[in-house]
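Chain and residue survey
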Amino acid sequence: MHNLQDNKIIETESKSTCLVCAQPGRLLYDKLTDKLFRSTGEWTLKKCVNKECGLVWLDPAPRESELWKLYANYYTHVDKSCQATSSIKRCYHFVRDCYLSLRFGYFKGLRQYQLRWIGTLLNFFPARRANLDFSVMYLNNKPGGKLLEIGCGNGTMLKYLDSLGWQVEGIDFDPIAVEKARLKGINIKLGSLKDQHYDENTFDAVILSHVIEHVPDPIALLSEIHRILKPGGMISLVTPNINSFGRMLFKNFWLHLDPPRHLFLFDNNSLLKSAQKAGFNHMAINTTIRDTEGLIFASLMLKRNGAFQMGTQPRGMVKLFAKTMCLVEWTLVKIFRSKGEEISLIGIK
Ligand SMILES: [Zn+2]
């Protein structure tokens, strides 16, 4: 049992074997604490002994019925609004749209599409490019395509994809986030994917950003996604990479360990195996440097101060260090491909 700051008791259960390949786990890190939301208690991460798997999981883990207690102050509640007002921002947004036209085929028939070569300017800014690829979840333009986001939080990404021509809807289990998304005019449902009882072959695309590491049975979730996708439909998900440069650098201080909310942490192998078990055969997997700078900064603060306040920005030498490490990681990803902070998986049904 673990105690939370407001005296909520988290009941746990043992998870002795790997969900993907049923092998036992060896100790990776123990005595981990919740440095972000300050629940009390210590947590242990195990890593699958199967070298071809590499799944990492919490053992013991919070029981499924207890998970809601871990998200009382979670940041899906926080709504950031960002409106382009300055001419510099408008100019950047034009270059951004040219890039999205060039890379993913958006804005067909518009000026951005005719001038899409301008998007090549972003080749000089790999971290920004990684952000833009993520902003459309690596999906090519499909006007009117039916898209579902699982764990859509306050609906920011769905609102953007809606503006690009997708027919969007979302699911989240957080009632405050759902309320905020509804205010944006997004069709969003409260609860889990199973609760929605979607017909099979319903969606052209299903997206998940930093969700799969939070769920008690990722393979069951992926199987349900496979069922509701149309033939030829795509799943696009991103999740932290336990095999990343940042984790090697910061070890048990790496921000994305995030106990006890991250029940699982994947590398390329374990994520591919999980998706295969769920029925996906045609897949592409990559690791990216999206938000590496922020992650390096946050992990450094955790190591130095034992705490990190979400939304804090780096300054001075720390900023320079984070930018340099981001550049190092970009180089590593060019050579090894598997060292980026975030894994992007695309699977086709
Ligand atoms: Zn395994």
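Residues numbered from 1 in each chain as written. Predicted model: local features only at pLDDT ≥ 70, side-chain atom pairs only at ≥ 80, totals over all residues.

Examining the domain arrangement of the protein chain
Here the protein chain is described as being made up of domain 1 (2–76) and domain 2 (140–348). The C-alpha-based centres of domain 1 and domain 2 are spaced at 18 Å. The partner domain 2 presents 31 residues to the 27 residues of domain 1 that form the contact. Going through the elements one at a time, strand E4 (25–32), strand E5 (43–48), strand E6 (56–58) and strand E7 (61–62) are the ones with two or more residues in the side of domain 1 that touches domain 2. (Domains from an automatic or database assignment. Contact = placed C-beta atoms within 7 Å. Helix = DSSP H or I, 4+ residues; strand = E, 2+ residues; numbered from the N terminus.)

Quick notes on the sheet that holds strand E15 (residues 342–348)
On the basis of which strands lie adjacent, the open sheet formed by 7 strands has the order E10-E9-E8-E11-E12-E15-E14 and mixed pairing. If you trace the sheet from one side to the other, it starts and ends with strand E10 (188–190) and strand E14 (282–288), each paired once. This sheet shows a mean twist of 15° between the axes of neighbouring strands, independent of strand direction. Pairing analysis gives 5 bridges linking strand E8 (residues 146–150) to strand E9 (residues 167–172), with the strands arranged parallel. Bridge pairing in E9 links Leu-147 to Val-168. Its contacts with the sheet put helix H5 (residues 175–183) on E9 and E10, and the angle it makes with E10 is roughly 160°. (Pairing = 2+ DSSP bridges. Axes fitted to C-alpha atoms, helices over the stretch in contact; angles between N-to-C directions.)

Observations regarding unusual backbone geometry
In this structure, Pro-60 follows Asp-59 across a cis peptide bond, with omega equal to 0°. With respect to the helices and strands, Pro-60 occurs in the loop between E6 and E7. Note the cis peptide between Pro-259 and Pro-260, where omega equals 0°. Mapped onto the elements, Pro-260 comes out in the loop between helix H8 (245–250) and strand E13 (264–265). The backbone phi angle of Tyr-138 is positive, close to 65°, even though this residue is not glycine. Residue placement: Tyr-138 occurs in the loop between helix H3 (126–135) and E8. Phi is positive for Arg-337, which is not a glycine, with a value near 70°. Structurally, Arg-337 is set in the loop between helix H11 (316–336) and E15. Note on Arg-337: 12 C-beta atoms within 10 Å, which makes it exposed. (Buried ≥ 20, exposed ≤ 12 C-beta atoms within 10 Å, placed from the backbone.)

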